[in-house]
Each structure stands twice: as C-alpha cells, then as structure tokens.
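Observations on the three-dimensional arrangement
Chain residues, written in single-letter form:
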Amino acid sequence: MRRVLAVVCLVILLAFAPPSLLAAEAGEPPSRDVLDSVIELIRSGDADLLPVALEKVRGGLKGEDFTRELAEVVLPGLERSQDQAALLAALADRGDKAALPAIMAMAQGPAEAVVRAAAIRGVAALGGSDEVPFLESLLSGEAGTVDAARGALVAIRSDIVSPRLAIALGDEARSGPQRLAIVGILSERRETSALPALVAAAVDADADVRNAAMRSLGAMGGPEQIPGMVAGLLAARTDAERSDADRAIVQVCKEHRSKNLAAAALLDRFKAADPAAREVLLPTLARVGGPAVLEIVDGLIASPDAADRKLGLVALARWPDATVKDRLLHLVAQASTEEEREMLLGGLIRIAPLPNNSLDPAGKLALVEQTMSLCRRDQDRGRLLERASAIRTVETLRYVLPYVNQPTLAESACQSIVELAHQRKLRDGNKDEFMAALDKVLATTKNAEIADRAQRYKLGKTWERKKQ
Amino acid sequence: MAFDLNSLDAPFIALAGFDWGADADFFKSIDAAAVAAHGDASLRGELEKRFGALLAGSTSRATKEYVCRKLAMIGTAVSVPALAALLTDADNSHMARFALERIDLPEAAAALRKALGVVEGSLKIGMISSLASRGDLQSVAAISNLLGGDATIAAAAAAALGTLSTPEAAAALAAAKPAGDMAAAVVDARLACAEAFLAKGDRKAAKAIYSSISASIGDAPKTHRERAVRVAAKRGLLAAAE
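Rules of the game
- Here the residue index of a chain counts from 1 through its sequence in written order.
- By the order in which they are written, chains take letters starting at A while ligands take numbers starting at 1.
- The predicted origin of the model limits local features to residues at a pLDDT of at least 70 and limits the giving and counting of side-chain atom pairs to 80 or more, whereas totals for whole chains, interfaces and linings rest on all residues.
- Strands are runs of DSSP state E lasting at least 2 residues, helices are runs of H or I lasting at least 4, and numbering of each runs from the N terminus.
- Every C-beta atom is placed from the backbone, and the number of other C-beta atoms within 10 Å of a residue's own sets its class: buried at 20 or more, exposed at 12 or fewer, partly exposed in between.
- Here, residue contact means that the backbone-derived C-beta atoms of the two residues sit within 7 Å.
- Throughout this entry, Asp, Glu, Lys and Arg are counted as charged residues, while Ala, Val, Leu, Ile, Met, Phe, Trp, Tyr, Cys and Pro are counted as nonpolar. The remaining residues, Gly among them, count as polar.
- Lines fitted to the C-alpha atoms define the axes, with helices restricted to the stretch that makes contact. Angles between their N-to-C directions range from 0 to 180 degrees.
- Each helix crossing is assigned a hand: it is left-handed if the near helix lies turned anticlockwise from the far helix by less than a right angle, otherwise right-handed if that turn is clockwise.
- Picture the helix axis, draw a direction to every C-beta atom, and the arc is the one those directions span.
- On a range of 0 to 100, pLDDT expresses the predictor's confidence in each residue.
- Expected helix span is taken as 1.5 Å per residue step, with the number of steps being one fewer than the number of residues.
- Here, a nonpolar core denotes buried Ala, Val, Leu, Ile, Met, Phe, Trp, Tyr and Cys residues that are linked to one another through C-beta atoms within 7 Å.

Next up on the list: the overall build of chain A. A count of helical and extended segments in chain A gives 29 helices and 0 strands. Burial statistics for chain A: of 468 residues in total, 40% are counted as buried. Pairs at least 24 apart in sequence give 61% of the contacts found in chain A among residues at least 6 apart.

Turning next to the overall build of chain B. Check the secondary structure of chain B and you find 14 helices and 0 strands. Across chain B, helices and strands are ordered from the amino to the carboxyl terminus as α-α-α-α-α-α-α-α-α-α-α-α-α-α. The contacts of chain B with a sequence gap of at least 6 include a subset with a gap of at least 24, amounting to 61%.

On to the interface of chain A and chain B, then. Quoted interface sizes are often the accessible area lost when the parts come together. Contact with chain A, which involves 15 residues of that partner, is made by 12 residues of chain B. Elements supplying a minimum of two residues to the side of chain A that touches chain B: helix H2 (19–25), helix H3 (32–44) and helix H4 (50–59) of chain A. Considering every element that reaches the side of chain A that touches chain B, the biggest residue donor is H3(A), with 4 residues. For the side of chain A that touches chain B, a count of residues per class yields 8 nonpolar, 4 polar and 3 charged.

All right, on to the packing of helix H10 (residues 151–164) of chain B against helix H11 (residues 167–175) of chain B then. Residue and element names in this part refer to chain B. Between H10 and H11, the least distance of the axes is 8 Å, while the angle of their chain directions is 145 degrees. Crossing of H10 over H11 shows left-handed handedness. Contacts between H10 and H11 involve Ala-158, Leu-161 and Leu-164 from the former and Ala-169, Ala-172 and Leu-173 from the latter.

A word on helix H2 (residues 28–36) of chain B. Residue and element names in this part refer to chain B. Among the residues making up H2, those that are buried are Ile-30, Ala-33 and Ala-34. Buried residues of H2, viewed axially, fall in a sector of 100 degrees; they line one side. In H2, the exposed positions angled more than 90 degrees off the buried face are occupied by Lys-28 and Val-35. Along its buried surface, H2 packs onto helix H1 (9–16), helix H3 (41–56) and helix H4 (61–74).

This brings us to the confidence of the model for chain B. In this model, chain B carries an average pLDDT of 95, and 100% of its residues clear a pLDDT of 70 or more. We note a pTM of 0.69 for the whole complex and an ipTM of 0.75 for its interfaces.

Let's shift gears to H3(B). Residues and elements named next belong to chain B. With 16 residues, H3 extends 22 Å from end C-alpha to end C-alpha; this agrees with the ideal 22 Å at 1.5 Å per step. Arg-44, Leu-47, Glu-48, Phe-51, Gly-52 and Leu-55 are the residues of H3 that are buried. Projected down its long axis, H3 shows its buried positions confined to an angular sector of 140 degrees, all on one face. The outward face of H3, more than 90 degrees from its buried face, is lined by the exposed residues Ser-42 and Lys-49. Buried positions along H3 lie against H2, H4 and helix H5 (80–86).

This part covers the confidence of the model for chain A. Averaged over all residues, the pLDDT of chain A equals 90, while 93% of them reach at least 70. Predicted confidence for residues 4–26 of chain A stays below pLDDT 50, and this span has 8 contacts to residues more than four positions away or in other chains.

Attention now goes to the environment of Ala109(B). Residue and element names in this part refer to chain B. Checked against the element boundaries, Ala-109 lands in helix H7 (residues 106–116). On a C-alpha basis, the gap between Ala-109 and Asp-136 in space is 7.1 Å, while along the polypeptide they are 27 residues apart. What Ala-109 contacts, discounting residues up to four positions off in sequence, is Arg-134, Asp-136 and Gln-138.

Moving on, we come to the environment of Ala159(B). All names here are of chain B. You can see Ala-159 is positioned in helix H10. By the C-beta count within 10 Å, which is 20 here, Ala-159 ends up buried. When near neighbours in sequence (up to four residues on either side) are disregarded, Ala-159 contacts Ala-185 and Ala-189.

Formed by 211 residues in total, the largest nonpolar core has its most connected members in Ile103(A), Leu198(A), Leu266(A), Ala158(B) and Leu161(B). Not counting residues up to four positions away in its chain, the partners in contact with Leu266(A) are Ile226(A), Val230(A), Ile249(A), Cys253(A), Leu285(A) and Val288(A).

With that settled, the discussion passes to the packing of helix H14 (residues 207–220) of chain A against helix H15 (residues 226–235) of chain A. Geometry of a packed helix pair, given as the angle between the helix axes and the separation of the axes. Residues and elements named next belong to chain A. Two elements in contact, H14 and H15, have axes separated by 11 Å at closest approach and are oriented at 145 degrees. Between H14 and H15 the crossing geometry is left-handed. Between H14 and H15, the contacting residues are Arg-210, Ala-213, Met-214 and Leu-217 on the first element and Met-229, Gly-232 and Ala-235 on the second.

A separate point is unusual backbone geometry. A positive phi is found at Arg190(A), a non-glycine position, where the angle reads about 50 degrees. Relative to the elements of secondary structure, Arg190(A) occurs in the loop between helix H12 (176–189) and helix H13 (195–201). The phi dihedral of Ser165(B) is positive, around 50 degrees, even though this residue is not glycine. Following the sequence through the fold, Ser165(B) ends up in the loop between H10 and H11. Given 24 C-beta atoms within 10 Å, Ser165(B) falls into the buried group.

Bringing the environment of Lys461(A) into the picture now. Tracing the sequence through the fold places Lys461(A) in the segment after helix H29 (448–458). Remark: the alpha-carbon pair of Lys461(A) and His422(A), spanning 39 residues in sequence, is separated by 9.3 Å.

Here it is, written out as structure tokens:
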C-alpha cells in the first residue's frame, strides 16, 4: 500500500515539476554554449565575473569531459597566477577526480608558489592513498611547499597517511623540522594509530619534536600512553620543557574520559621509578592529586630522610585543591626552616581562593584569614589580598577594605577591590559599599590603572583587560 | 457549542468608545468570538455586522484598527464595502488594506483595484503594494500605466510588476523609460521577472531579459551598483543557458 502511495506521489510530482528540473534529473549534459561562456569568463580575468564562472565550476556544470577541459586546457593557459590558483581551488571543490592528473602535474611542476600550493591542496582534495607518497616527499622541500604539503597530508582521505608518517617519524635521517611537521600532521589527523609513534617522539633527541609530541599526547593520549609520557617528562632537559611535559600529563590525568585509569598509571610509574625519577614525577603526581597520592605524600613527609620529606612538602605545596588545607596549616606552623615555611605558605595562598577547591565562599574566606595570620612578610600578605579577589562576595570586600589603611598593603588591597568591583552584578548588588570603597581606593592609590578602573566602576562603566 | 452573543454586548459598547491607552483586555471575549467564528457562519455573520457598524460609525482610529485586524481573520465579501470605504481615508487606509490584502476573495481585490484609480500619493503606493502582495494579475495593466508618472509611484509600480512577474509585466518594464532612482527599481524588477521565469522553466524569456540588462551595462561598469547588476545578469544568463 505504501509503495503504491509513493508511486502515485512521484507521478504527481513529476507532472508538476518544471522542465529545467526534469532535464537536470535526466542528467542532460550542459550545452557547448554555456561551457564556452564559462570558459570565456574564466579567461577574461574579470575580477567580478570570475567568481560567477567558478561557481559553475564548483557545482553547476557536470561532466568529466568539461572537468578535463578545464584542468588540461584552460588551467595551463591562464596568464595570471591568482586566476590559476582560483581555478585550482574551484576544481578541488568540484570533487571530480578527472582533474587529478592535470592538477598533480601542476603540483609537481615548476609553477609559481601560490599556484603550486593551490595544486597541492587540490591533490589533497581529489587524491587518495596513491598521492600520499608524493605529498610526503614534499615535506623535505621549501618552506612554502612544506606548509601546503602539511595541510594536504592533514586533509587527504587515506588510511595510509598515519602509518607512513609514523615510520617517517622514526627515520633519524630526517631533519628536526621535518619530524616536527610530521608530529603536527599526526596530531591534527587525530588518528589513534599514530599514538605509538608520538610516544616514541616524546623522547626524541630534538627538543622541539619532544615538546610537540608531548603536547599532542596531552590532547590525544590516554592511560596507555602515560608510561611513554612519563619517559618524555624524564627526558625533558629544561624547566620550561619539564613544565610543558608536566602539563600534558596532568591534562590526560584530569581530562581524559578514563582519567582515573590515567592517574593510576601515573602512580604505578611513580612507584616503580628510581629516587631521581621520583623527584621529577612527584610534583606532577601532586598536581593530579587524589587520596592514593596523598598517602604517598604523607609517607614522604613523615620520613626521617630530609630529602624525602622535602619532596613530600614540595608535592603538598603543589596540591590542586583545598583538601590538604589542614595539613598545610599544621605544617606551616611547624616548619623547621624559613624556606620550608614560605613554600608551604605559598601553597596555602594559592589554593585558598581557587574556584573549585572544595570550599564554599565563606570557607575560602576563612582560609584566607587563617593564612593571613600565618604570614610574616608583607609580600605574602599582599599576594594573599590580591588572590582573595577571586572570592567574589561582599564579605571579601569587607575583609580587604581595612588593609587600604596599611601603607605597605594599600596597593594590593586597592587592586583587590577594583577586581571585585569589576564584577558588575556584585558591584550593583552592594552599590553603597562599593562606591565608598572605590572612593577610598581613589584617595589612596598611586597606580594610574587602578585609579582609572575605580573611576570607571563608579560611573557604571566597564574596563577592558589588556590582552597578555 | 454555540457562542453566547449576549456576552459580547458590553465589550462591543466599550469597543465603540475605545482609544489607544485604554484597557484592551476587555475585548478578549471578542477575540475569542473571532476565533470561534471559524466554521460558524452564523457567528461570523453576526460579528461582521457589528464590525461593519463600527467601521461606518464615527469611531476612533484605535477602534477601526482593532476591527480591521479582526476582519483580516474572519472577513468575507460582506465586510468588503465597509473596508473599501476606508481605503480613501488617509488615517485608516493602511489598516483597511491590511484586512483586504488578507481576505482571499475577488471582491477584496476588486476593491483595491478600484481604489488604485482613485487615490493619490502614498495611498496609491499602498494600493500597488497590496495588489502585488495578493498576486493580483488583473492589476498588471493598471499598475503598468503608472510606470511613466510620478517617480516614487513609478518605482513602487516597478517593484510590484517584479513581484507579479507575468509576461505582460516584464514587457511593460522593458518598455519603460526610467531615469535616476527609478532606473534601479526597473532593473531590479526585471531581474525579479527573469528569476521567476527561470524558476518556471521559461529559459527563453529569462535569457531575453538577462541579455538585455547585460547589454545595457556593457563590459565597463562605472558604479558599484552596475557591477552588481552585471554579475547578476551574467549569473542569470549562465543559469538560463544550462
């Protein structure tokens, strides 16, 4: 019954369909006149009309013969390189593989850089596995060609790209920049089959390759890659590289869908590591946090060995949330050296106002007050006052305001007050208190930017933070 | 269930004395009656009778506007004379057209055509616009005759002919001798006709228009508008040739 109904509907539709539609459906080839008109417009070099013609190349006039005519006759005959590049882009969008041989020839030939780059993009759009070796060979060419080849290898539809590039990545004869480009391609293709190659590249002799591989693993990796990433972290030779590698590992352990497994894998590597490696890994482990890690940290802090204790304290100071606040408060009070005290206090100052530190705003402010009572230096007090502005409540304003009267802390307090006032909802909801506080800031601060901000907020205006 | 007509007496008395700024909530029962009138010829007839009386009386613009909005929903040929009488009234012509545009009966179109020959200025532009919106092919000749007159009215006539897009409309536009801003309106209308012909499968007619426009601009457009028209004509020519 349904089939009969469908046939009846189709007959009715065809009866009322316009002739043009029927001709198109029947696959009627375009007339020679219209093809000639399009070619004439392309050859005219008319900036207004070229897009009109290319629109037809992209989606209008079907047929392999026309594609070949455009690619083999019209394209090489165009005088201006920008017109050639535009036609190449249109042929790529047309999606007809009949253009591929001519486009491939142009990509291989001595064309101008802009034309060659467009041809390489065309090869990526129309080509497949057969064209991958050619594109791969371009990675060792000139800079402009390498960029185009890199984009083409990211875009081309082929399942041999990642395996081939994985092998190429391990080829020590390839230069650092080439291996770096390969890591970028593998990373952008986001194919999991490339992960072993990226893990291997995480310990590459070239620092740029190592860095790029670790960044890719941070975005693509999972628990299985953690041992390799740990090797990458241990292979890092500078603090900056270690910091990047640390960030990549923490990213996997905190953002991957199997983040708990990743964190467990990291813990396993830590337990199996030698003392020197443990020293490097513990701060990373601490940034991941969790009860199992805290147990290890507690053990180290309780150790009679001074080096182990210091390692534990460093880890605790880098903890990601406020679950360790009582430990830190206790340890600050009992610190045996000023250096130890400052480090732990730094941890408290950092975690107290963190947005997701497991405390409510009142709890955060209470921790700020407790931490303030432990500070001995004005620079720590100032830092804490500035950090307090992350607790966006009127109670924070009330807490910070009296410090404007203390000359050594006045600027930090003023900074904190304008940060709080930047929150329009908070400011408008407590207008009287904020207006009075901003008046006090204006009467106190010597900092032109703070004064400008205070003035703006008083007038109900906003302030645009300078981009870093 | 039959609508209680007695419940409308008080709202209709209030409507007769209504003006902007007063509480319109009182007319909710009239709104409900207008909705209920769909499929209830008797109720519709009663409402049209009462609305007609309000349009004919010395009621405010606010009252007449409210009535026109209701008649746009439920009006029949019965209401056309009362609405037609307002077409020549500068204050109420717009709302009367609003109703007549939506009453899908030949009497409504005839009233608009008749008024087209009577009114002047912006009211005439309104009639042209309403007839085009209705797709009233019988008005093509009358609207074509306006292409040679006042420039503002001629531009509105050109736009309307572009909307109506009949062969006669296209011929009138092709024969027009426009100047200044009017020329742009005629070209736009001709392009609209060509697109309509193309959509209907009449490539020959479309191609003739596109060719004529393309030739009139030539290969050296002087203004941004000429460039845009040239591109539109070339695109059309290619589409017509496909």
